[in-house]
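Coordinate analysis (summary)
Spelled out from the first residue to the last, the chains are:
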Protein chains: 2
Amino acid sequence: MRRIGIDIGGTQLRVAAFEQDGTLVKKEAMPNDHNLGPAGNLERLARAIEGWDTSYEGVGIGCPGPLDFAMGRILNPPNLPGWEGFDIARWFEDRLGCRAVLNNDANVAGLAEALLGAGKGLDSVVYLTVSTGVGAAYVLGGRIVGGSHSCAAEVFNMVVADRPSVRPGMNAGALEDQASGTAIGRMASERLGMQVDAAQVFALRREGNEVACEVVDDAATMLARGVCNINCVVDPDMFVFGGSVALYNPDFVDLVHEKACELVLNHESLTFALAQCGGDAGLMGAALLV
Amino acid sequence: MRRIGIDIGGTQLRVAAFEQDGTLVKKEAMPNDHNLGPAGNLERLARAIEGWDTSYEGVGIGCPGPLDFAMGRILNPPNLPGWEGFDIARWFEDRLGCRAVLNNDANVAGLAEALLGAGKGLDSVVYLTVSTGVGAAYVLGGRIVGGSHSCAAEVFNMVVADRPSVRPGMNAGALEDQASGTAIGRMASERLGMQVDAAQVFALRREGNEVACEVVDDAATMLARGVCNINCVVDPDMFVFGGSVALYNPDFVDLVHEKACELVLNHESLTFALAQCGGDAGLMGAALLV
């Protein structure tokens, strides 16, 4: 039977129906209207699903964290103001009369990659997304390892260096503050004395700009430490890289691989791949939750 | 039916028979005679088992790493000279005509703690042993997560600080070189200008020696980073601490907990416990592999 995948974002809401094998059947997107609140927005999604007039097994929901997976509840995600504490899985179960399962956006994208994308057929996959932030998913035996407090694969806060704290609430030397797109922009801006974002830093690097080369090299070193530390805990079959910084700069991912090989025990078999599911990974992975 | 657990050590070989519920039935120990090589030593274990005249389901073997779990093969453990590349699981299968399963010493001790010790009844447990080195095990749903290359839970090589390399083959800033008993002894010896081991450093600390206090505090900081980084990947129900440094110094474990709470997202639910299975954990866990 078909499955429904829902992707909740701060600016956009998306919903799709998939066949069991991941084939897309229907898809719809709409803006997240902050005036409507969670119930008003979700009602629009429910009506879209009803409009398709299709039978389905259940609904999977991907949403920015922090969440409580087991309770199917949103906690206090910074880019979903007004959604705090909302029992989103229960809402869909009551409204649509089917099973609903919640997980976070990085985990569902990782699940799609592990089951239908770059990691298809493998037993264990770590998905790392490098864009504005650094997110991850750990998929073992076809299932997301969510952790006891919905905190597994929250690698953004991993300590990888002795560096001063950048943001309140984040660890000093946290992976995200040393290796995300935001971090690359911040570090280059400080050294160049002008505001640049990650895309501009990578463009400057291609022109041979020394500061840009050093900043990207440093971010790769930090990400390699992150890969090493993840590998020290779960030793997956494959690391799959997603997110704009990784996908637009495959040579950056190669550099991370080179540096990580210097740090991991099983360096001869350390396997990296780029994400393959594209923009629908979140929807596809959400549907796979059911 | 009963199960046999075998614990291979550089100086001692141990074997025991357990009931399904973990009750010890028989136990025997003998020195590892390096003149006999692996087959000669294992033959003595096989005869001990036969002498018990008991039926059993299979044999589980705990052994110092590195190992290849899937192949049941010893690779090149530094404290088992002459055992390199030995197909130990196959040897027992051929000799005793039963199933034999191999895993490393930290993983089997962790399995015992997770199933029958401090973590009994929990879904996910990370076992951390702090003694000469730093070892770990990750047990999820009653099973050791061994990794794709038998390298899961090899946290000793995790990068937790920007510090110079201490030993060849280990990462600069590796957890084991910053927080093991050996590291505590080394760091204190350097600063005190005399040779001390970890037990002496903890004794000096109890007397209020400033250097000893600082060294132990630093090791606790590094171990807290290790806990944070492991938690960022798998977020277990509980961390169980074993090994002489932890078990003889529960206040050290408390200090690590206090520091780790400053680093982890789910600090309100970060749960530490001391290992409960005692000296037979390795034997008990080995038997649980079957």
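Rules behind the numbers
Residues numbered from 1 in each chain as written. Chains lettered and ligands numbered in written order. Predicted model: local features only at pLDDT ≥ 70, side-chain atom pairs only at ≥ 80, totals over all residues. Heavy atoms only, no water. Helix = DSSP H or I, 4+ residues; strand = E, 2+ residues; numbered from the N terminus. Rg over C-alpha atoms; globule rule 2.2 N^0.38 Å. Contact = heavy atoms within 4.5 Å. Areas by Shrake-Rupley, 256 points an atom, 1.4 Å probe, with all protein chains shown as cover. Lys, Arg positive; Asp, Glu negative; His and termini not counted. Charge placed at Lys NZ, Arg CZ, Asp CG, Glu CD. pLDDT = per-residue confidence, 0-100. Salt bridge = Lys/Arg side-chain N within 4 Å of Asp/Glu carboxyl O. Buried < 20%, exposed > 50% of the residue type's maximum accessible area, 1.4 Å probe, protein only. Pairing = 2+ DSSP bridges.

1. Remarks on the overall build of chain A
Secondary structure summary: chain A contains 10 helices and 12 strands in total. Against the 2.2 N^0.38 benchmark of 19 Å for 290 residues, chain A shows a C-alpha radius of gyration of 19 Å, consistent with a compact globule. When the backbone C-alpha atoms are referred to their principal axes, chain A occupies close to 55 × 40 × 35 Å. Long-range pairs, those at least 24 residues apart, make up 61% of the contacts in chain A with a sequence separation of at least 6. Carbon and sulfur atoms provide 49% of the accessible area of chain A, an area that totals close to 11,400 Å². Measuring between centres, the 21 positive side-chain charges of chain A sit 5 Å from its 36 negative side-chain charges.

2. Brief notes about the confidence of the model for chain A
Any residue range with low pLDDT should be treated as having predicted coordinates unsuitable for detailed reading. Looking at chain A, pLDDT values average 96 and 100% of them are 70 or higher. The ipTM for the predicted assembly is 0.96, set against a pTM of 0.96.

3. Quick look at the pattern of salt bridges
Residue and element names in this part refer to chain A. Evaluated as defined, the whole model comprises 32 salt bridges over all chains. A salt bridge links Lys27 to Asp280, with the nearest nitrogen and oxygen atoms 2.9 Å apart. In this pair, Lys27 sits in strand β3 (residues 24-31) while Asp280 sits in the loop between β12 (272-274) and α10 (281-288), placing the two residues 253 residues apart along the sequence. In this structure Lys27 comes out as partly exposed when scored by relative accessible area, which is 42%. Judged by its relative accessible area of 17%, Asp280 is buried. Each member of the salt-bridge network shares a partner with another, and the members are Asp7, Arg14, Lys27 and Asp280.

4. Let's talk about the pairing of strand β8 (residues 124-130) of chain B
Residue and element names in this part refer to chain B. Counting buried positions along β8 gives seven out of seven residues, so the element sits mostly inside the fold. Residues of β8 alternate between two faces, with Ser124, Val126, Leu128 and Val130 on one and Val125, Tyr127 and Thr129 on the opposite face, all of them buried. Where β8 hands over to strand β9 (residues 134-140), the hairpin turn is made up of three residues, counted between the paired strands. In this sheet, strand β11 (residues 238-242) lies alongside β8 in parallel orientation, the contact comprising five bridges. Among the inter-strand pairings, Leu128 is bridged to a residue of β11, identified as Phe241.

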